[in-house]
Amino acid sequence: MGNLFKSVPVAIALAAAGVALNTPQASAEIGTSVIIAGGGLSNGFGTGCTYNVVANSTSWSGMNFFDNGVQFAATPDVSAPTTRTASWTPRTTGTHTLVVTQGEDSKTIVLTVGTGINGGSSCFVI
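Residue positions are given per chain, counted from 1 along the sequence in the order it is written. Given that this is a predicted model, residues contribute local features only at a pLDDT of at least 70 and side-chain atom pairs are listed and counted only at 80 or more, while totals for whole chains, interfaces and linings are drawn from all residues. Side-chain measures here rest on the full set of heavy atoms in the structure, leaving out hydrogens and waters.

Asker: Looking at this model, I keep getting lost on the pairing of strand E9 (residues 105-114). Mind explaining?
Answerer: Side chains on a regular strand alternate between the two faces of the sheet. Under the scheme applied here, a residue whose accessible area is under 20% of the maximum for its type counts as buried, over 50% as exposed, and between as partly exposed, the area being computed with a 1.4 Å probe on protein chains only. For the purposes of this entry, the term helix denotes a DSSP run of H or I that reaches at least four residues, the term strand denotes a run of E that reaches at least two, and both are numbered from the N terminus. A large share of E9 lies buried, amounting to seven of its ten residues. Strand pairing is defined by DSSP finding a minimum of two bridges between the two strands. In the sheet, strand E8 (residues 94-102) pairs with E9 via nine bridges, with the strands oriented antiparallel. Of the residues in E9, the one forming a bridge with Val100 is Lys107. Linking E8 back to E9 in an antiparallel pair, the connection comprises two residues, with Gly103 at a positive phi of about 60°.

Asker: Can you walk me through the packing of aromatic side chains in this structure?
Answerer: How two aromatic rings sit relative to each other is set out by the distance from centre to centre and by the angle between their planes. Working definition: a ring pair exists when centres of Phe, Tyr or Trp rings (six-membered ring for Trp) sit within 6.5 Å. Plane angles under 30 degrees give stacked, over 60 give edge-to-face, the rest tilted. Taken as a whole and judged by the stated rule, the model has four aromatic pairs. Where Tyr51 meets Trp88, the ring centres are 5.9 Å apart and the plane angle is 45°; that geometry is what we call tilted. Placement of Tyr51 in strand E4 (residues 51-55) and of Trp88 in strand E7 (residues 84-88) is noted, with a sequence separation of 37 residues between them. The pair formed by Tyr51 and Trp88 is uniform in burial state, with each residue classed as buried.

Asker: I tried to follow unusual backbone geometry on my own but got confused; where do I start?
Answerer: With the exception of glycine, the majority of residues adopt a negative phi angle, and the majority of peptide bonds are in the trans configuration. Phi angles above zero are rare outside glycine, and Asn68 is one such case at about 50°. Take Asn68: it is sitting in the loop between strand E5 (64-67) and strand E6 (70-74).

Asker: Looking at this model, I keep getting lost on the sheet that holds E6. Mind explaining?
Answerer: The pairing of strands in a sheet happens through backbone hydrogen bonds and is either parallel or antiparallel. Across the sheet, which stays open at both edges, the five strands sit in the order E3-E9-E8-E5-E6 with mixed pairing between neighbours. The open sheet is flanked by strand E3 (45-46) and E6, the only strands paired with a single partner. Pairing analysis gives four bridges linking E5 to E8, with the strands arranged antiparallel. Within E8, the residue paired with Asn64 across the bridge is Thr101.

Asker: Teacher, can you tell me more about the side chain of Ser59 here?
Answerer: As for its position among the elements, Ser59 is in the loop between E4 and E5. Separated by 3.1 Å, the side chain of Ser59 and the backbone nitrogen of Ser61 make a polar contact. N or O atoms closer than or at 3.5 Å make up a polar contact, with two conditions inside protein: a donor-capable atom paired with an acceptor-capable one, and, for residues adjacent in sequence, both atoms drawn from side chains.

Asker: Even after reading the chapter, I still don't get the pairing of E4, so can you show me in this structure?
Answerer: Along E4, four of the five residues are buried, which leaves the element largely enclosed by surrounding structure. Here E4 runs beside E7; their pairing, made up of five bridges, is antiparallel. Bridge pairing in E7 links Tyr51 to Trp88.

Asker: It is not clear to me how the side chain of Arg84 should be interpreted in this structure. Could you clarify?
Answerer: Looking at the element boundaries, Arg84 is found in strand E7. Under the convention used here, Asp and Glu are negative, Lys and Arg are positive, and both His and the chain ends fall outside the count. Here, a salt bridge means any side-chain nitrogen of Lys or Arg that lies within 4 Å of a carboxyl oxygen of Asp or Glu. Despite its burial, Arg84 pairs with no opposite charge, the nearest such side chain being Asp77 at 6.1 Å.

Asker: What is the right way to read the nonpolar core from this model?
Answerer: For soluble globular proteins, the rule of thumb is that nonpolar side chains tend to be buried together. Grouped together as the largest cluster of nonpolar side chains are 19 residues, with contacts concentrated most on Ile36, Tyr51, Val53, Trp88 and Leu111. Only strand E2 (34-37), E4, E7, E8, E9 and strand E11 (123-125) provide two or more residues apiece to this core. In this text, buried Ala, Val, Leu, Ile, Met, Phe, Trp, Tyr and Cys residues form a nonpolar core when linked through side-chain atoms within 4.5 Å.

Asker: So what exactly am I meant to see when it comes to the environment of Thr82 here?
Answerer: For Thr82, the location among the structural elements is in the loop between E6 and E7. In this structure the C-alpha to C-alpha distance between Thr82 and Thr58, which are 24 residues apart in sequence, comes to 6.9 Å. Look past the residues within four positions of Thr82 in its chain and what remains in contact with it is Ala55, Asn56 and Ser57. By definition, residues are in contact when any of their heavy atoms lie within 4.5 Å.

This is a description of form; function is not addressed.
This is how it looks when you write it as structure tokens:
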């Protein structure tokens, strides 16, 4: 959906943050970054609004995506390493811990979700 708020590159780039992102190990399969694209207004993410969780892959293995321990997406094995994307729609406000796993490797993102007002082509977070 090409709205003003999602057309501006609003993403949490966690590769550089190091705080909410596990340090990659030598055998890491997920790669160096996991981002969430399409955040709301300046105050972040909202319930009922959909965002893309994007993870780099250096392996052909499938990935699993979790929100507070509940799986919300999985990607299949592929023939070559590629970037994987999963749609995430938070249902509750508060702290959310997103975990992306691939084999024995995982990356974690901790963020806060506010109340979202989904306007169809835009999402407002209050």
